[in-house]
Amino acid sequence: MKRRLAIALLFLSLLGSAGGVWAQAYWRDLPPEERRQMRQQMREHWQQERELRREEGAPRWRDVPQEDRRRLRDELREQRGWEDRRDLRDGRGGGRGWRRD
């Protein structure tokens, strides 16, 4: 049973990757005018999404009560302090993401 599942997943992943390659080739095979038109449609779509997000409005810090802001700030400081202590214990120091070879 596990073997059949593994074979089915392998087959589906191969089909998925082949579909991705086909989609890439399809884009390149389009005539320049159709590519230009598709890019313009994509830009318009992204612009509409941005406008919708702007209308919905992300919560602004001014809209969050001061007590909640203070609590969140304290939690972030505690979390950051815990990570710094862990880095020092592991010998990584404060340079996050940088390798020391």
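Residues numbered from 1 in each chain as written. Predicted model: local features only at pLDDT ≥ 70, side-chain atom pairs only at ≥ 80, totals over all residues. Heavy atoms only, no water.

**Student:** Would you take a moment to explain the pattern of salt bridges for this structure?
**Tutor:** Pairing between side chains becomes possible if they bear opposite charge and their charged atoms approach one another. Summed over all chains, the structure comprises five salt bridges. The salt bridge involving Arg70 is made with Glu67; its shortest N-O contact spans 2.9 Å. Linking Arg70 with Glu67, this pair stays in helix H3 (residues 66–90), spanning three residues, or about one helical turn. Accessibility expressed as a relative area gives 33% for Arg70, which makes it partly exposed. Under the relative-accessibility criterion, Glu67 is labelled exposed at 53%. Between Asp68 and Arg71 there is a salt bridge; the shortest N-O distance is 3.9 Å. (Salt bridge = Lys/Arg side-chain N within 4 Å of Asp/Glu carboxyl O. Helix = DSSP H or I, 4+ residues; strand = E, 2+ residues; numbered from the N terminus. Buried < 20%, exposed > 50% of the residue type's maximum accessible area, 1.4 Å probe, protein only.)

**Student:** Which parts of the structure should I look at to understand the confidence of the model for the protein chain?
**Tutor:** Should pLDDT be low for a region, the predicted coordinates there are not to be read in detail. Looking at the protein chain as a whole, the pLDDT averages 76, with 63% of positions reaching at least 70. Mean pLDDT values for the elements of the protein chain range from 71 in helix H1 (residues 2–29) up to 89 in helix H2 (residues 32–56). (pLDDT = per-residue confidence, 0-100.)

**Student:** Whenever I open this one, a nonpolar patch on the surface confuses me. Can you help?
**Tutor:** A cluster of nonpolar side chains, Leu5, Leu9, Phe11, Leu12 and Leu15, forms an exposed patch at the surface whose accessible area comes to about 540 Å². With respect to the secondary-structure elements, Leu15 resides in helix H1. The class for Leu15 is partly exposed, based on a relative accessible area of 48%. (Patch = residues over 30% accessible without salt bridge, like charges linked within 9 Å, V, L, I, M, F, W, Y side chains within 5 Å. Areas by Shrake-Rupley, 256 points an atom, 1.4 Å probe, with all protein chains shown as cover.)

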